[in-house]
Amino acid sequence: DAGITQSPRYKITETGRQVTLMCHQTWSHSYMFWYRQDLGHGLRLIYYSAAADITDKGEVPDGYVVSRSKTENFPLTLESATRSQTSVYFCASRGGGSSYEQYFGPGTRLTVT
Amino acid sequence: AQTVTQSQPEMSVQEAETVTLSCTYDTSESNYYLFWYKQPPSRQMILVIRQEAYKQQNATENRFSVNFQKAAKSFSLKISDSQLGDTAMYFCAFILSNDYKLSFGAGTTVTVRA
């Protein structure tokens, strides 16, 4: 299917476990982003990537790791999950040039117990 | 850092009526883009409308229109002829030209009553 997809859609994990959230886009967009959404905070940027093998920190990167070996994939890993990382995670992508709007995946609801 | 403020946490509107959501932002730059995103209960973030700061004409997309006041740094969204499907949280967002970071407001929950 065309567009941007995330998996899993729901995940429950325990404190201290490693968990990876997947993001895949079919538009060949240069930019990809990971956000978390928490009540009262809107969306906050965790990491972004301008191209394959180019990543950089956003507003709230602590506790997260990303990689981007292929243009279409941008996985987000929580190395040792904490309860404060319970959130809804959104992946987004954006084309280059003057196309500034971002297109979002359906989100992953992560619960850390 | 750019800040985006949505001062109305919740709004309620009768079906077929009009509702206006406010958004203000803070920047010293002159070239930027503004967006409104809709997040219905399905959680999907949907782009509603965009506005380029260099354009004086207000953007319109069907029943959705904006009132862009650059000097006042205000970017309000008007939803006309409200429909039940418009029930959602609405986020205002801002990005500088040649930047990567999209800054979001905290959101306004809109409930359309039958």
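Residues numbered from 1 in each chain as written. Chains lettered and ligands numbered in written order. Predicted model: local features only at pLDDT ≥ 70, side-chain atom pairs only at ≥ 80, totals over all residues. Heavy atoms only, no water.

What to know about the pairing of strand β5 (residues 42-51) of chain A
Residue and element names in this part refer to chain A.
Next up, step 1: Burial within β5 is extensive, with eight of its ten residues counted as buried.
Next up, step 2: Connecting strand β4 (residues 31-38) to the next strand, β5, in antiparallel fashion are three residues, including G40 with a positive phi near 85 degrees.
Next up, step 3: In this structure, β5 lies alongside strand β6 (residues 54-57), joined through four bridges in antiparallel fashion. By the bridge assignment, S49 is partnered in β6 with T55. (Buried < 20%, exposed > 50% of the residue type's maximum accessible area, 1.4 Å probe, protein only. Helix = DSSP H or I, 4+ residues; strand = E, 2+ residues; numbered from the N terminus. Pairing = 2+ DSSP bridges.)

Description of the sheet that holds strand β8 (residues 76-78) of chain A
Residue and element names in this part refer to chain A.
Next up, step 1: Taken together, four strands build an open sheet; the order of strands is β1-β3-β8-β7 and the sheet is antiparallel. Edge positions in the sheet fall to β1 (4-7) and β7 (64-66), since each of these pairs with one other strand and no more. Taken over all neighbouring pairs, the strand axes of this sheet differ in orientation by 20 degrees on average, direction set aside. (Axes fitted to C-alpha atoms, helices over the stretch in contact; angles between N-to-C directions.)

Things to note about the interface of chain A and chain B
One frequent convention defines the size of an interface as the accessible area lost when the parts assemble.
Next up, step 1: On the chain B side, the residues contacting the 27 residues of chain A number 22 residues.
Next up, step 2: For the pairing of chain A and chain B, the buried interface totals around 1900 Å² over both sides, and the portion due to carbon and sulfur atoms is 54%.
Next up, step 3: The largest per-residue losses of area from chain A upon contact with chain B belong to A:Y100, A:E101 and A:F104, which jointly make up 33% of the total buried on that side.
Next up, step 4: Where chain A touches chain B, the interface holds two salt bridges. (Contact = heavy atoms within 4.5 Å. Buried area = accessible area lost by both parts, 1.4 Å probe. Salt bridge = Lys/Arg side-chain N within 4 Å of Asp/Glu carboxyl O.)

Details of the packing of aromatic side chains
Next up, step 1: Scanning the entire structure with this criterion turns up 20 aromatic pairs over all chains.
Next up, step 2: An angle of 50 degrees between the planes, with centres 6.2 Å apart, marks the rings of B:F35 and B:Y37 as tilted. Judged on exposure class, the residue B:F35 and its partner B:Y37 are both buried.
Next up, step 3: Here a set of aromatic residues connected by ring pairs shows up, and it is made of A:Y31, A:F33, A:Y35, A:Y48, A:F90, A:F104, B:F35, B:Y37, B:F91, B:Y100 and B:F104. (Phe/Tyr/Trp six-rings, centres within 6.5 Å; stacked < 30°, edge-to-face > 60°.)

Some thoughts on the pattern of salt bridges
Next up, step 1: On inspection of all chains with the given rule, the structure shows eight salt bridges over all chains.
Next up, step 2: With a shortest N-O distance of 3.7 Å, B:K101 and A:E59 are connected by a salt bridge. With B:K101 in the loop between β10 (88-96) and β11 (103-104) and A:E59 in the loop between β6 and β7, the pair connects residues from two separate chains.
Next up, step 3: Of the residues examined, B:K101 reaches a relative accessible area of 26% and is grouped as partly exposed.
Next up, step 4: The partner of B:E52 in a salt bridge is B:R50, and the shortest N-O contact between them spans 3.0 Å.
Next up, step 5: Here the salt bridges share partners, and the residues they tie into one network are A:E101, B:R50, B:E52 and B:K55.

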